[in-house]
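The residues making up each chain are set out below.
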Amino acid sequence: MKKLLIFGSIIIVLFIAIALLSNMAQTDEVDGDNPYNKDSLHSDTADLLDDPNYQNNILPEELESEIENEEEVTVYFYSPSCEHCIEATPRLMPIAEDNDVELHQFNLLEFEEGWRSYNIEATPTLVHYENGEEVDRIVGAAPNEEYEAFLETYAAE
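Since we're looking at a predicted model, the values are computed, not measured.

About the cut-offs
- Residues numbered from 1 in each chain as written.
- Predicted model: local features only at pLDDT ≥ 70, side-chain atom pairs only at ≥ 80, totals over all residues.
- Heavy atoms only, no water.
- Helix = DSSP H or I, 4+ residues; strand = E, 2+ residues; numbered from the N terminus.
- Buried < 20%, exposed > 50% of the residue type's maximum accessible area, 1.4 Å probe, protein only.
- Pairing = 2+ DSSP bridges.
- Right-handed = clockwise from strand over helix to strand, strands pointing away.
- Patch = residues over 30% accessible without salt bridge, like charges linked within 9 Å, V, L, I, M, F, W, Y side chains within 5 Å.
- Areas by Shrake-Rupley, 256 points an atom, 1.4 Å probe, with all protein chains shown as cover.
- Salt bridge = Lys/Arg side-chain N within 4 Å of Asp/Glu carboxyl O.
- Lys, Arg positive; Asp, Glu negative; His and termini not counted.
- Charge placed at Lys NZ, Arg CZ, Asp CG, Glu CD.

> Is there a simple way to explain unusual backbone geometry in this structure?
Of note, the amide linkage connecting T123 to P124 takes the cis form, showing an omega dihedral of -5°. Mapped onto the elements, P124 comes out in the loop between helix 5 (113-117) and strand 5 (125-130). Unusually for a residue other than glycine, N37 sits at a positive phi of about 55°. On the secondary structure map, N37 appears in the loop between strand 1 (27-29) and strand 2 (40-42). Residue N37 is classed as exposed on the basis of its relative accessible area of 55%.

Have a look at this one:
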């Protein structure tokens, strides 16, 4: 009976250690000088820090301020771990640039409250706000033509 308790305790300690190590492996320590103003980032986010397609990030407080000030803003809600986002982003960002659209990127992996705050059901999601209200959105990885039409309609300067 005593041996059984010892082995059981060892197994429990091993499971706890594995869980802690797994959690630590999913985040990377980064210097405070990153677009997310965080000390640690999910490893999928850290992998994108130098990717030119992910350089126009907006923080939750910045987005909230723009919406409250009734500014016109177009936001691309994405997750670096989303396979559809990984496919869509390299298509969408050049379309935005070609149309001279400032397309803000909101990382839902780092700021999970965005799912609830902005009623995001899936990624990627492209949303345009005017006068403090959502005007339209595209949910999912859309064809280039749909992105072009959306940006020309709502966000072209």
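On we go from here.
> I would appreciate a short explanation of the pairing of strand 4 (residues 103-107) in the present structure.
One face of the sheet, then the other: side chains in a regular strand alternate in exactly this way. Counting buried positions along strand 4 yields five of five residues, so the element is predominantly enclosed. With five bridges connecting them, strand 3 (residues 73-78) and strand 4 associate as parallel partners. Along strand 4, the bridge assignment pairs Y76 with Q105. Read from strand 3 through helix 4 (residues 83-98) to strand 4, the crossover connection turns out right-handed.

> Any chance you could explain a negative patch on the surface here in plain terms?
Judged by side-chain charge, E97, D98, E145, E148 and E152 come together as a negatively charged surface patch. Elements with a contribution of two residues or more to the negative patch: helix 4 and helix 6 (144-154). Considering each element in turn, the negative patch owes the most residues, three residues, to helix 6. Considering the arrangement of structural elements, one finds E148 in helix 6. Taking relative accessible area as the criterion, E148 reaches 32% and is therefore assigned partly exposed.

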